[in-house]
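For reference, the chains in residue letters:
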Amino acid sequence: MAFHDGLTTTQQILLAIVCFPLLPFYLCYLYSEENKGKPDTLAQVEEGKVQATVRQPRSTIVTGETRYYEQQPAVASEPDQGNHITVEIHPRQTTSQKGKEGSFNKAYPWDKSSLKSMPIDLQQFKKLDAFASKVNVTSSVKDLVSVLLQEAHSDLEKLRAIWMWICCHIEYDVKGYHDKTNRSCKPIDVLRSGKSVCAGYAGLFEQMCSIAGIQCKQLSGYSKGHGYKPGHVFRGDTDHAWNAVFLHGRWHLLDSTWGSGIVDDSCTKFTFRYDEFYFLTHPALFITDHFPEDHEWQLLKPRLTLQQFERNIRFRSEFYAHGLVAATPATAAIQTENGKATVFVESRSPTLFLFKFNEAEENCLMTLQRNGMNLEVYPQQTGTHSLKIYSKLSKDTKESYSHVLEYSLTCSSVDKSIRLPKGLIQPVGPSWLTEQAGILKALPSGPIIHTDDGRCIITFTRTKDLHFFATLQCNNSRVPEDMMRRHVWKTCQGNQAELKVHLPHAGHFALLIWANKTSDSDTHQCALSYLLSCPNKSVTWPVFPQRFANWEDNFELVAPLAGVLPANCQVQFKLKLPGIVQANVDCGGKTLPLTLSEAGFWEGACNTSGGEKVGVTISKGADNFIWSLLEYKVESH
């Protein structure tokens, strides 16, 4: 019997009047009890989080075969109502809410921890990973899971052991990829054969998680994997399968197929190469190359459309492994503007880059910055071109470059004013890499030197014991290589270095500065390169005088700079030659001594009417031994 049944009518009315104001509090209590343990919705949006409502699909094991990188039947899912999932997407330089289960400690992507959809210390898995990778059980899926769980206790550890075992033991079935009749995606067949396509990976993963008591779903969708080209339009059946797991109150994404290794371009050879990136990948990163058929499994809001997915550039896992942050443009297909396209890749620390334009290192001008790389592209033909970008960490000198980005570049017009020399070595212009090589405070600071009269000067500070020389190159030039080098004159005063350049003709030139430290090997490396541009077709500077081995770094030539002297003319000589006792000019069989001025210069004059060559000689000591220093040619009459 209810409490109010024993009251009179008057008493019941009075009780209702007294209790009515408490009704809202009572209803709130009932609601909070009913939703205890569920994630917030609107409140989380207001806190700067992004909410995605995912209707949990019923468990469906798909027997239809799928492919790692090919079209596949859809994985059926019939969503139920009411399961709300939130995913934090943090804007740059913001931090997440703390103190809530599953929230991030730091913001993505400006901290490596945010590459994952939950904070993970990978060191805690070191022992478990080693154990799981060595387990060898193929009798049944249940027996395999039972052995793995001997060392895995929490749900996260169980998931990690299953993930690591599959990534280390299941290889991609390249034969099955090409022949559907020669493959099986059933979990027991995948276990015993040790190979499958993507649906086999995902199906085995799902069954192992089910046995371990972890809720797991097999998802299907489009992927930017093997054979993908920027700008590709996805139509028809989906081409890939992966998994979602429910852990710590929310769904997470992973791809054990891509975590296990890679296939070659023809998909005829698989190589085990573990990729940590695809374990519990942050949904904001996973969406760059995985587009689920059921859009709600993006775990993002607002969700991307298929057209946006097609348009966006693919960031490969190595992009994040190398500490790269962003790329501009962020679209996979780009176009030139007035014959030029510009790409900028941002990094958190100094990083080395390479590029391939139509599989060749040409038609591009790359400059390095401490926070990234800028690439100017000048196609020499209209049409559609391929642009690939590679990177590696600056400290990993022995490691090879990894492919991180790829663009499809359409050129509608060619900029004929730019013709990059084939000998131009990238990167161009001063950078942190130049400083590492021993060249400091280089001027000009930009990569391109424009000169209308064909002359320019480069200055820099060199580190102690740095030896260097410079070369000059130009496409289709008739000037021999040895004579081209004599269009650059080197002067050093202590640690200060200067290069004078007098171009032989108009055009685009590559100026390369090769450096070597005394403690290093005899091999010189290109430490700094410039692009020299001279449009003036009247430019015809002669070479500098020929310099012999006795010319020292601290010697200075003031005049004459031209290596070819006019005939029948009086020519003034002025040189600074520290440490010598006598300097002479030899012309037409006559030796004319130079005089040492109070300013420290050896000066004098000679007439060029006496012969075809003029030489400068010096004497270094009391033995009066004569050393050849410079040689000039005299113009014919």
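Keep in mind it's a predicted model, so treat the numbers as computed, not measured.

What about the overall build of the protein?
Link 1 in the chain: In terms of regular secondary structure, the protein is built from 15 helices and 36 strands.
Link 2 in the chain: Across the 637 residues in the protein, those meeting the buried criterion constitute 47%.
Link 3 in the chain: A separation of at least 24 residues holds for 66% of the contacts in the protein among residues at least 6 apart in sequence.
Link 4 in the chain: With the model as given, the accessible surface of the protein reaches about 31400 Å², and the carbon-plus-sulfur share is 51%.

Things to note about the sheet that holds strand β25 (residues 507-517)
Link 1 in the chain: Reading across from one edge, β20-β26-β25-β22 is the order of the 4 strands in this open sheet, with mixed pairing throughout. The open sheet has two edge strands, β20 (448-450) and β22 (466-474), and neither has a second partner. Adjacent strand axes in the sheet meet at a mean angle of 25°, parallel and antiparallel pairs treated alike.

Remarks on the pattern of salt bridges
Link 1 in the chain: Within this structure, the stated rule accounts for 16 salt bridges.
Link 2 in the chain: The shortest N-O distance in the salt bridge between Lys-356 and Glu-361 comes to 3.7 Å.
Link 3 in the chain: On the accessibility criterion, Glu-361 (45% relative accessible area) is partly exposed.
Link 4 in the chain: Residue Lys-620 pairs with Glu-552 through a salt bridge whose shortest N-O separation is 3.6 Å. Residue Lys-620 is found in the loop between β35 (613-619) and β36 (626-634), and its partner Glu-552 is found in the loop between β27 (546-547) and β28 (556-559); the two are separated by 68 residues along the sequence.
Link 5 in the chain: Look at the salt bridges and you will find they share partners, linking Lys-116, Asp-129, Arg-160 and Glu-276 into a network.

Regarding helix α4 (residues 126-134)
Link 1 in the chain: Buried within α4 we find Leu-128, Asp-129 and Ala-132. Across the axial projection of α4, the buried residues extend over an arc of 100°, all falling on one side. Structural note: α4 exposes Lys-126, Lys-127 and Lys-134 on the side pointing more than 90 degrees away from its buried face.
Link 2 in the chain: In the core, the buried residues of α4 are packed alongside α5 (141-148) and α6 (155-169).

Description of helix α9 (residues 198-212)
Turn by turn, an α-helix covers 3.6 residues, leaving residues three or four places apart pointing in a common direction.
Link 1 in the chain: Compared with an ideal rise of 1.5 Å per residue, which puts 15 residues at 21 Å, α9 spans 21 Å between its outermost C-alpha atoms and is within 8% of the ideal.
Link 2 in the chain: For α9, a buried count of 12 out of 15 residues is recorded, marking the element as mostly surrounded by other parts of the structure.
Link 3 in the chain: Residues of α9 that are buried include every one of Cys-198, Ala-199, Gly-200, Tyr-201, Ala-202, Gly-203, Leu-204, Phe-205, Glu-206, Met-208, Cys-209 and Ala-212, and no others.
Link 4 in the chain: Phi turns positive, to about 85°, at Gly-213, one or two residues after α9.

Quick look at the packing of aromatic side chains
Link 1 in the chain: A complete count under the given rule lists 23 aromatic pairs for this structure.
Link 2 in the chain: Aromatic pair Phe-234 and Phe-309: ring centres 5.5 Å apart, planes at 45°, arrangement tilted. Within this pair, whereas Phe-234 is found in the loop between β5 (216-223) and β6 (240-247), its partner Phe-309 is found in helix α12 (residues 306-311), the two being separated by 75 residues in sequence. Accessibility assignment for this pair places Phe-234 and Phe-309 in one class, buried.
Link 3 in the chain: When the centroid spacing of 5.0 Å and the interplanar angle of 85° are considered together, the rings of Phe-277 and Tyr-278 count as edge-to-face. The burial state of Phe-277 is the same as that of Tyr-278; both residues are buried.
Link 4 in the chain: Aromatic rings pair up to connect Trp-258, Phe-277, Tyr-278, Phe-315, Phe-319 and Tyr-320 into one cluster.
Link 5 in the chain: In this arrangement the basic side chain of Arg-160 is found over the ring face of Phe-279, its NZ or CZ atom lying 4.8 Å from the centre.

Describing the confidence of the model for the protein
Keep in mind that low pLDDT regions are not for reading the predicted coordinates in detail.
Link 1 in the chain: When the pLDDT values of the protein are averaged, the result is 84; 81% of them are 70 or greater.
Link 2 in the chain: pLDDT under 50 marks residues 1-5. Its contacts with residues more than four places away, or in other chains, come to 2 contacts.
Link 3 in the chain: Long-range and interchain partners of residues 20-113, a stretch whose pLDDT sits below 50, account for 204 contacts in this model, where long-range means more than four residues apart.

Some thoughts on the packing of α5 against α9
Link 1 in the chain: Between α5 and α9, the least distance of the axes is 9 Å, while the angle of their chain directions is 60°. One finds that α5 runs oblique with respect to α9. Relative to α9, the crossing made by α5 is right-handed. For the pair α5 and α9, contact is made by Val-141, Lys-142, Leu-144, Val-145 and Leu-148 and by Leu-204, Gln-207, Met-208, Ile-211 and Ala-212, respectively.
Link 2 in the chain: The residue inventory of the contact of α5 with α9, partitioned by class, reads 8 nonpolar, 1 polar and 1 charged.

Comments concerning the packing of α4 against α6
Link 1 in the chain: Relative to each other, α4 and α6 sit at 45°, their axes nearing to 8 Å. Taken together, the axes of α4 and α6 are oblique relative to one another. As α4 runs across α6, the sense of the crossing is right-handed. In this structure, α4 contributes Leu-128, Asp-129, Ala-132, Ser-133 and Lys-134 to the contact, and α6 contributes Glu-157, Arg-160, Ala-161, Met-164, Trp-165, Cys-168 and His-169.
Link 2 in the chain: In the contact of α4 with α6, the residues fall into 6 nonpolar, 2 polar and 4 charged.

Conventions we followed
Numbering of residues starts from 1 in each chain and follows the order in which that chain's sequence is written. Given that this is a predicted model, residues contribute local features only at a pLDDT of at least 70 and side-chain atom pairs are listed and counted only at 80 or more, while totals for whole chains, interfaces and linings are drawn from all residues. Each side-chain value is derived from all of the structure's non-hydrogen atoms; neither hydrogens nor water enter the calculation. What counts as a helix is a DSSP run of H or I of at least four residues, what counts as a strand is a run of E of at least two, and both are numbered from the N terminus. Type-normalised accessible area, obtained with a 1.4 Å probe on protein chains alone, sets the label of each residue: buried when under 20%, exposed when over 50%, and partly exposed for intermediate values. Two residues form a contact once any of their heavy atoms are found within 4.5 Å. Note on areas: these come from Shrake-Rupley sampling with a 1.4 Å probe, and a residue is covered only by the protein chains present in the view. The pairing criterion for strands is at least two bridges between them, as found by DSSP. Convention adopted: a line fitted to C-alpha atoms gives each axis, helices being fitted over their contacting stretch, and angles between N-to-C directions are expressed from 0 to 180 degrees. Salt bridge, as used here: a side-chain nitrogen of Lys or Arg that lies within 4 Å of a carboxyl oxygen of Asp or Glu. By arc we mean the arc of the directions from the helix axis to the C-beta atoms, nothing more. Expected span of a helix: the number of residues minus one, times 1.5 Å. Think of it this way: a Phe, Tyr or Trp ring, Trp meaning its six-membered ring, pairs with another when their centres are within 6.5 Å, and the plane angle makes it stacked under 30 degrees, edge-to-face over 60, tilted otherwise. In this scheme, the term charge over a ring applies when either NZ of a lysine or CZ of an arginine sits within 6 Å of the ring centre and within 35 degrees of the ring normal. Confidence of the predictor at the level of single residues is given by pLDDT, which spans 0 to 100. Note on angle classes: values under 35 degrees are labelled roughly parallel, values over 145 roughly antiparallel, values of 65 to 115 roughly perpendicular, and the remainder oblique. Two helices cross in a left-handed way if the nearer one is turned anticlockwise from the farther one by less than a right angle. They cross in a right-handed way if the turn is clockwise. Only Asp, Glu, Lys and Arg are considered charged, only Ala, Val, Leu, Ile, Met, Phe, Trp, Tyr, Cys and Pro nonpolar, and every remaining residue, Gly among them, polar.

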